[in-house]
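Structural overview
Below, each chain spelled out in residue letters.
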Amino acid sequence: MDVTTVLRLAKRRTRPRRNIKYPAWVPYFFVSPAILFYAVIYIFPIAWALYISVHKFQIGRPDNPFVGLENYRYLFFDDKIFRASLVRTFYFSFGFVLTNSLVGLILALLMNRWFVGRYLYRMAFFIPVVTSIIPMAIVWKFLYNTDLGLFNGILNRLFGFRIPWLSDEKWAIPSLIIMATWRRMGYAMMVYLAGLQDVPREHIEAAMVDGANAWQRFWHVIWPALAPTTLFVLVTSSITGMLTFGEIYVMTEGGPGQATTVLSYYIYRTSFEFLKMGRGAAMSFVLFIFIFILTLIQLRYARGPQTE
Amino acid sequence: MSTTLAKVAATPVVARAHRARSKVWRRIGMGVFYIALTAVAIFCITPMVWMLLGSFKYDSEILAYPPTFLPKYWLYQNYVRATTLIPMGRWFLNSVILAAITELSVLTTASLAGYAFAHLEFRLKRVLFLSILGTMMIPFFTIMIPLFLMVSRLKLLNTYLGMVLPGLVSAYGIFLMRQFMSTIPTELLEAARIDGSSEFRIWAEIIIPNSRPALGTLALFTFLGSWDSFTWPLVIVNQRPMKPIALGLVEFTGQLAFETKYGTLLAASSIAVVPVLIVFILAQEQIIESFHLSGLKG
């Protein structure tokens, strides 16, 4: 998701109009379906969510008294699971962001020229990005099976050990990180490939004339020029990581124990299994604030692939 | 000869030095390069290939070690069971219906609003446009609870209308349309206005036919997003026949893994993935090149 590019381009004005011949209400007629849907789907619900988050709101109860910031206070001071889920969210997102951007960058550097079969490789790297996540999560659960899964079969044959992927509290999040990276690295690669097009060719050639080897060219010329792209990949991956839900629901259901109960999953459970919607709404605003901050960073500093 | 010389002269010094390096090392380099890329590519397609091939295998063969690559016997019974043991056909149909409603709504609202934001002047234009784009940063989890309450009060739980609701409009879609429609020359619209065309007629007869590529891209990504939708149906649908395919599949997973019908589960998963795979293969170039516009999240 590329909020930056979208908002930056949105700031450009379209051409000024010379002579207007339509009644003043006509433009509003054109935007009204979209605005109406926005009001129903976003504007009204977000206000309602704010209202719920300051009430002791349990579905099915006749009275939902106002409690002020109690839900928020409870989260940060009394709810150990919430704090732990916050830590796990950062652990998962951070791990995913690092592996995703690193693998994406390496792939992009390798793919940044013509070679036989480039088209097919690009297709292979991109397949996981588009294929439906739920069926693939079911398949990954098979592959990760400790006793019968393909991965452990191969590991056991080659190196003589097994990894308790999803069944061990220590391994569960790294396993999810590997899967998330599998899914998104093709996208990171495409963003980096676009970024590499903007690295000034003359700078690289100048470095070559000066006798810089491949590593020096990368470290002193290409990497600094890629900084805005890197930031873009980091921020968008963080947002993706923080909103990860379906895979966790399918593969671990927050377990083993609570090892993969990240914030999104905990919001779902609190609201729709424990039916404590006041607390759920308060948590969802905490998530909102993280996403908001990340978006602001992105808007201010990052540069994604241009849309024109 | 002269052309060769010209070529040599045109090549930078460094490149010539590079070429002079031992050919053997270059070959080894290329070998390592291909091995590395191939390894990653295999990693990328393994889950998909394992699923598709596994869906034709006996349960015992799926779990067998060492794993077989191609099925020993090509078993189509898994697919039969996937459509008879569970309402896979119905779930598939549900997903198709949901995608159709979503497409219709997203394409209509986006192309209407896109035209106004690209070519019409009105007072609230910038404010409205920026606030629409601003909603992109609201995580779905934040509006999920009120939307659930709203849908349940309107008695829309377990209905198509309830399921499509959050996806009926797309900020990316509006943005995409506005960007694309801005490139349509104003002179064309002015000429139509002088001929007495109404704005709506201009939209229908000039703007829409000229926006086909952008509409196509938007339709593609709307389909991919709609086909994958899971969290929202999970919250509002509990009747079996109303589930979209991803949600149905998850219900099925618990049941079938318990009965160890792995082949059937893989066949069902394949059925869920194949439409997306077909769309991807047909429109690969368009999808990869414009993916950053799509707003698809992980």
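**A look at the overall build of chain B**
Regarding its fold elements, chain B presents 17 helices and zero strands. The buried share of chain B, taken over its 298 residues, is 43%. Residue pairs at least 24 apart in sequence account for 76% of intrachain contacts in chain B once pairs closer than 6 positions are excluded.

**Observations concerning the overall build of chain A**
A count of helices and strands for chain A gives 14 helices and zero strands. Seen through its principal axes, chain A has C-alpha atoms that stretch 75 × 75 × 35 Å.

**Thoughts on the packing of helix α8 (residues 169-197) of chain A against helix α11 (residues 227-242) of chain A**
Residue and element names in this part refer to chain A. In contact at an axis separation of 10 Å, α8 and α11 are set at 155 degrees when each is read in the N-to-C sense. One way to sum up the angle between α8 and α11 is to call them roughly antiparallel. α11 is crossed by α8, and the crossing has right-handed handedness. For the pair α8 and α11, the contacting residues are A180, R184, A188, V191, Y192 and G195 in the first and T229, F232, V233, S237, T240 and G241 in the second.

**Re the interface of chain A and chain B**
At the junction of the two partners, chain A supplies 88 residues and chain B supplies 80 residues. Broken down by element, the residue count for the side of chain A that touches chain B peaks at 17 residues, all from helix α2 (residues 26-53) of chain A. For the side of chain A that touches chain B, a count of residues per class yields 66 nonpolar, 14 polar and eight charged.

**Quick word on the environment of Q197 of chain A**
Within the fold, Q197 of chain A resides in helix α8. The sequence separation of Q197 of chain A and Y265 of chain A amounts to 68 residues, and the corresponding C-alpha distance is 39 Å.

**Details of the environment of M144 of chain B**
Its place among the elements puts M144 of chain B in helix α8 (residues 140-153). For the pair M144 of chain B and S95 of chain B, spaced 49 residues apart in the sequence, the C-alpha separation amounts to 20 Å.

**Regarding the domain arrangement of chain B**
When the parts of a complex come together, some accessible area is lost, and that lost area is often used as the size of the interface. Residues and elements named next belong to chain B. Considered domain by domain, chain B is made up of domain 1 (15-81) and domain 2 (84-293). Distance from the C-alpha centre of domain 1 to the C-alpha centre of domain 2: 33 Å. Contacts between the two partners involve 14 residues from domain 1, matched on the other side by 11 residues from domain 2. Contributing elements (two or more residues each) for the side of domain 1 that touches domain 2: α3 (23-54), α4 (59-63) and α5 (77-84).

**Points about helix α12 (residues 199-210) of chain B**
Owing to its 3.6 residues per turn, the α-helix brings residues three or four apart onto one side. For α12 of chain B, spanning 12 residues, the distance from its first C-alpha to its last is 15 Å, which sits close to the expected 16 Å at 1.5 Å a residue. Listing the buried residues of α12 of chain B in full gives E199, I202, W203 and I207 of chain B. Angularly, the buried residues of α12 of chain B cover 100 degrees about the axis, an arc narrow enough to put them on a single face. Of the residues in α12 of chain B, the exposed ones pointing more than 90 degrees away from the buried face are E205 and P209 of chain B. Looking at the buried positions of α12 of chain B, the neighbouring elements they touch are α2 of chain A together with α6 (88-119), α10 (171-182) and α11 (186-194) of chain B.

**So, the confidence of the model for chain B**
All names here are of chain B. Per-residue pLDDT for chain B averages 85, and the proportion of residues at 70 or more is 89%. Low pLDDT, under 50, characterises residues 1-5; the predicted model gives this stretch zero contacts beyond four residues in sequence or across chains. Every residue in residues 294-298 scores below 50 in pLDDT, and together they form 18 contacts with partners more than four places removed in sequence or on other chains. Reported for the predicted complex are a pTM of 0.85 and an ipTM of 0.85.

**A short note on the nonpolar core**
In terms of nonpolar packing, the biggest core is built from 161 residues, with A34, F125, I134 and M189 of chain A together with A113, L249 and A268 of chain B touching the most fellow members. No other element matches the 15 residues that α8 of chain A contributes to this core. Shared between two domains, this core takes at least three residues from each, and those domains are domain 1 (15-81) and domain 2 (84-293) of chain B. Excluding residues within four positions of it along the chain, M189 of chain A makes contact with G104, L107, A108, M111 and F125 of chain A.

**As for unusual backbone geometry**
We note that E253 of chain A has phi near 50 degrees; this positive angle belongs to a residue other than glycine. Within the secondary structure, E253 of chain A is located in the loop between α12 (246-251) and α13 (263-272). Phi at N158 of chain B is positive, roughly 60 degrees, even though this residue is not glycine. Inspection of the secondary structure assignment puts N158 of chain B in the loop between α8 and α9 (160-164). With 17 C-beta atoms counted inside 10 Å, the residue N158 of chain B sits in the partly exposed group.

**Focus: helix α6 (residues 133-144) of chain A**
Residue and element names in this part refer to chain A. Helix length check: α6 (12 residues) gives 16 Å between terminal C-alpha atoms against 16 Å at 1.5 Å per residue, within 8%. Burial runs high along α6: 11 of the 12 residues are buried. Taken together, the buried positions of α6 are occupied by I133, I134, P135, M136, A137, I138, V139, W140, K141, F142 and Y144.

What counts and what doesn't
- Residues numbered from 1 in each chain as written.
- Chains lettered and ligands numbered in written order.
- Predicted model: local features only at pLDDT ≥ 70, side-chain atom pairs only at ≥ 80, totals over all residues.
- Helix = DSSP H or I, 4+ residues; strand = E, 2+ residues; numbered from the N terminus.
- Buried ≥ 20, exposed ≤ 12 C-beta atoms within 10 Å, placed from the backbone.
- Contact = placed C-beta atoms within 7 Å.
- Axes fitted to C-alpha atoms, helices over the stretch in contact; angles between N-to-C directions.
- Parallel < 35°, antiparallel > 145°, perpendicular 65-115°, else oblique.
- Left-handed = near helix turned anticlockwise from the far one by under 90°.
- Nonpolar A, V, L, I, M, F, W, Y, C, P; charged D, E, K, R; others polar.
- Domains from an automatic or database assignment.
- Expected span 1.5 Å × (residues − 1).
- Arc of directions from axis to C-beta.
- pLDDT = per-residue confidence, 0-100.
- Core = buried A, V, L, I, M, F, W, Y, C linked by C-beta atoms within 7 Å.

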